[in-house]
Amino acid sequence: MSVTSSASLTAGSIRIAVLVEPGSDAPREIRLASTRPTGFSDRLFAGRSPAEVPGLAARLHALCGRSHMVASEIAIVAAMGRDVEPVIEERFEGLVAERLGEHLRSTVTSGWGRSTPVDREMLADVRAVLAACHTLVGGRDPQRGFEAAKAIEGIATALARLGLGIDRKGRLKTGRGGWADGLLAALGTVSGDRFAEADRLTGEDDSAVVAALARDPDGFAARPQLDGRHPETGPAARAGSGIVPTDGRGRLSARLAEIAEAAELLAAPAADRARLRGAWASGARVGPSTGWAAVESPRGRLHHLVRLEESGRVASYAILAPTEWNFHAAGPLARTLMLNRFPPGGEGRLRVERIAGLYDPCVGWESSIEDAADA
Amino acid sequence: MCLAIPALVSELLPDGMARVSLDGVAKEISIAMVEDIAVGDYVIVHVGYALAKIDADEAEKTLALLAEAAALAKGAAE
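Quick notes on the rules
Residues numbered from 1 in each chain as written. Chains lettered and ligands numbered in written order. Predicted model: local features only at pLDDT ≥ 70, side-chain atom pairs only at ≥ 80, totals over all residues. Contact = placed C-beta atoms within 7 Å. Helix = DSSP H or I, 4+ residues; strand = E, 2+ residues; numbered from the N terminus. Nonpolar A, V, L, I, M, F, W, Y, C, P; charged D, E, K, R; others polar. Core = buried A, V, L, I, M, F, W, Y, C linked by C-beta atoms within 7 Å. Buried ≥ 20, exposed ≤ 12 C-beta atoms within 10 Å, placed from the backbone. Pairing = 2+ DSSP bridges. Axes fitted to C-alpha atoms, helices over the stretch in contact; angles between N-to-C directions. pLDDT = per-residue confidence, 0-100.

Participant: Whenever I open this one, the interface of chain A and chain B confuses me. Can you help?
Facilitator: Interfaces are often sized by the amount of accessible area the parts lose when they come together. Each partner contributes residues to the interface: chain A has 34 residues there, and chain B has 34 residues. Among the elements of the structure, α1 (40-45), α2 (53-60), α4 (85-109) and α6 (120-137) of chain A are those that each provide at least two residues to the side of chain A that touches chain B. At 5 residues, α6(A) tops the list of elements feeding residues into the side of chain A that touches chain B. A class-by-class count of the residues in the side of chain A that touches chain B yields 19 nonpolar, 10 polar and 5 charged.

Participant: Quick question: what am I supposed to make of the nonpolar core here?
Facilitator: Among soluble globular proteins, nonpolar side chains are generally buried collectively. Membership of the largest hydrophobic core comes to 126 residues, with the highest contact counts inside it found for A:I74, A:A75, A:I155 and B:V43. Dropping the residues within four chain positions of it, B:V43 is found in contact with B:A7, B:V9, B:V20, B:V34, B:I37, B:A50, B:A52 and B:K53.

Participant: How should I be thinking about the sheet that holds strand β7 (residues 300-308) of chain A in this particular structure?
Facilitator: In any sheet, the strands associate via hydrogen bonds between backbone groups, in a parallel or an antiparallel arrangement. Residues and elements named next belong to chain A. In spatial order, the strands read β5-β6-β7-β8; together these 4 strands make up an open sheet with antiparallel pairing. Taken across any chain shown, the strands that pair with only one partner, and hence form the sheet edges, are β5 (281-287) and β8 (314-320). Within this sheet the neighbouring strands show an average axis-to-axis angle of 15°, counted without direction. The sheet contact formed by strand β6 (residues 290-297) and β7 spans 8 bridges and is antiparallel. For S297, the partnering residue across the bridge sits in β7 and is G300. Each of β5, β6, β7 and β8 touches helix α9 (residues 206-215); the most contacted strand, β7, lies at about 50° to it.

Participant: What is the right way to look at the confidence of the model for chain B in this model?
Facilitator: Detailed reading of predicted coordinates is not advised where the pLDDT is low. Residue and element names in this part refer to chain B. Model confidence for chain B is summarised by a mean pLDDT of 88, while 92% of its residues fall at 70 or above. Across chain B, the element-wise mean pLDDT spans from 83 in helix α1 (residues 56-77) up to 94 in strand β1 (residues 5-13). Quick note on the complex model: pTM equals 0.93, ipTM equals 0.91.

Participant: What's the story with the sheet that holds strand β2 (residues 27-34) of chain A in this structure? I'm lost.
Facilitator: Residue and element names in this part refer to chain A. Taken in spatial order, the 3 strands of this open sheet run β2-β1-β9, and their pairing is mixed. What marks the edges here is a single partner per strand, and that holds for β2 and β9 (364-371). The mean angle between the axes of side-by-side strands here comes to 15°, regardless of whether they run parallel or antiparallel. Of the pairings in the sheet, the one linking strand β1 (residues 13-20) to β2 comprises 7 bridges and is antiparallel in character. Each bridged residue has a counterpart across the sheet, and for I16 the counterpart in β2 is L32. Across the sheet, helix α16 (residues 347-359) touches β1 and β9, and the angle it forms with β9 is around 145°.

Below is the structure:
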């Protein structure tokens, strides 16, 4: 079969420019610009049958297709005035597997992840985990039975070899000298990176988020903020309570802990999983034929909002991705970069890459350090 | 938005790399994260890495959807 090559929508990227004071390594301004597409979901989904949309949402999104599909299903079912719980129950395992696999893949392929050696055996373990997660995420139909059980067992075995686990209190436990231990050591206090305190985007914010998304779908999806608040979302924000960890090691620990927790959750009794489902996905009807969903996707809280026509077809559709919060021009990454120094000679550039990698955007990015006088 | 971009593998290279055709443009990517990639396979690409192998029918449908989205975006901008 020949595949159509055409003027496709491209993934876009984020550009991070650190403008330093002339003759200094102190930042004067952080500029975050993006070419990633937002707002296309309304044009693409409006007029379609709701039955088509979850599958299309999954197809479009490379990294978190399952999260998008589930968010779409929940929002549509809510808009129809039906109970969303059966959807969450049916799709939960796929969400857990997607978070596990995506965190692991992103960590191994990030700039600082690549600087921690991965030998042939470790790479085989990483591949085995990713393949098992792919099995569990599945297509539209969840995987059950022997294949799923084998995949879950394979994940546990491979993660143990990579030195990734959690203790009985749910704290990250890394095997001494293992891959995970090496990653954390590389991001230890020697890096000197500083991270800004941030408040967390939580379920308590959903009603404000949904209202703002309904008022200005394109604008809010591209530049979300809540009455001047720029909360953070993702694993560091989900870790515990209170403020987000303010050092690189703490931030990476939160992501690694989520990998190990997800593996435990996949193997946990159904009753334990049922108790936690509400923290992973939710949704409700907000008006006539209008429904929303929030899914804690790997990179953070993902929102979908749909309104249906009287005919039952999609009238409007909006998606707000977690990267938009973390990479907002006045958001958590920008504030963190302002706390750091960016020495010349490559060291500053490495710092930008290390820090931005820990905020883990869902698109590619590039960075530069420029003299503010020349900008 | 983390869009899924399908690419056709045209050549396998040393060190877990491959040359792919990405919307008609040749590019080198890493295939280290996916097992058993062969010339003629379609893969989903993200930031220089193959994420998963997909069949040609899936690639066709995804590219058609991306083209439709691009056309709608262009129409909205005009």
